Amino acid sequence: LNRLTVQNTGGAYTSLITLLTPPYNAMQEIISSVDVALGLQKGTQLTLTEFIAYFKKTMSEQQGVIANILGGFATPAFLEFYPNGASEYSGATKTNLPVLIGRINAAATAHATELGPSLTSTMQGFTSARGEIRSQQAQQKGSVESNRTARSQARVDLDTALVTVVHTIGSMFPGAA
């Protein structure tokens, strides 16, 4: 586009510049919006990563507190929270997080009286916090997909305009390479 503009001294390329400018600008705008959406998506990913770190830290810090409240590390009530030990929580991943949170929620609900309102609320809060983060991620992924679909159409429009320009210029100078 810039080369056509520079070479357009006699106005020979004005119609081609006019044809090419809108799809070129549209493509630039869409690329920018995809970039912004990807940045936002990475931001929601960071939020999930931070949540997992918080979950791991909380489960590690509260292990002794829960054991003390429920009568020790070997009691059936404690084992509802930590059937495979604390290492299961310290190794939490995006994949196994729903299972771990489900277990914690069920155990906290079953032992709410012993745990007290504050600890019970913390344990049960993991479910809604993770759900909210996942919802934000899903919305952002949808936004990125939508932008990519628009980018595909903008790319077709730009390619069509570019092919038209190349063929038009080629027909203006047949045999010149």
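Residues numbered from 1 in each chain as written. Predicted model: local features only at pLDDT ≥ 70, side-chain atom pairs only at ≥ 80, totals over all residues. Heavy atoms only, no water.

1. Digging into the layout of surface pockets
In this approach, a probe sized like a water molecule rolls over the atoms, and the result shows the empty space that is left.
Moving on, step 1. If you add up the space inside the largest pocket, you get close to 200 Å³.
Moving on, step 2. Every residue lining the largest pocket is listed: Leu1, Arg3, Leu4, Gln7, Tyr13, Leu20, Leu162, Val165, Val166 and Ile169.
Moving on, step 3. Those elements that place two or more of their residues in the lining of the largest pocket are α1 (2-7) and α6 (112-172).
Moving on, step 4. With four residues, α6 is the largest single contributor of residues to the lining of the largest pocket. (1 Å grid on protein atoms, 1.4 Å probe; cavity = no way out; pocket = protein on both sides within 12 Å on 5 of 7 lines; lining within 4 Å. Points joined across faces, edges and corners; volume = space filled by probe spheres on them. Helix = DSSP H or I, 4+ residues; strand = E, 2+ residues; numbered from the N terminus.)

2. Things to note about the confidence of the model for the chain
Moving on, step 1. Of the residues in the chain, 80% reach a pLDDT of 70 or more, and the chain-wide mean stands at 81.
Moving on, step 2. At the low end of the mean pLDDT range in the chain sits α6, at 77; at the high end sits helix α3 (residues 76-81), at 92. (pLDDT = per-residue confidence, 0-100.)

3. Brief notes about the environment of Ala106
Moving on, step 1. Secondary-structure assignment places Ala106 in helix α5 (residues 97-110).
Moving on, step 2. The exposure class assigned to Ala106 is partly exposed, which follows from its relative accessible area of 48%.
Moving on, step 3. As for Ala106 and Gln124, which are separated by 18 residues in sequence, their C-alpha atoms are 8.2 Å apart. (Buried < 20%, exposed > 50% of the residue type's maximum accessible area, 1.4 Å probe, protein only.)

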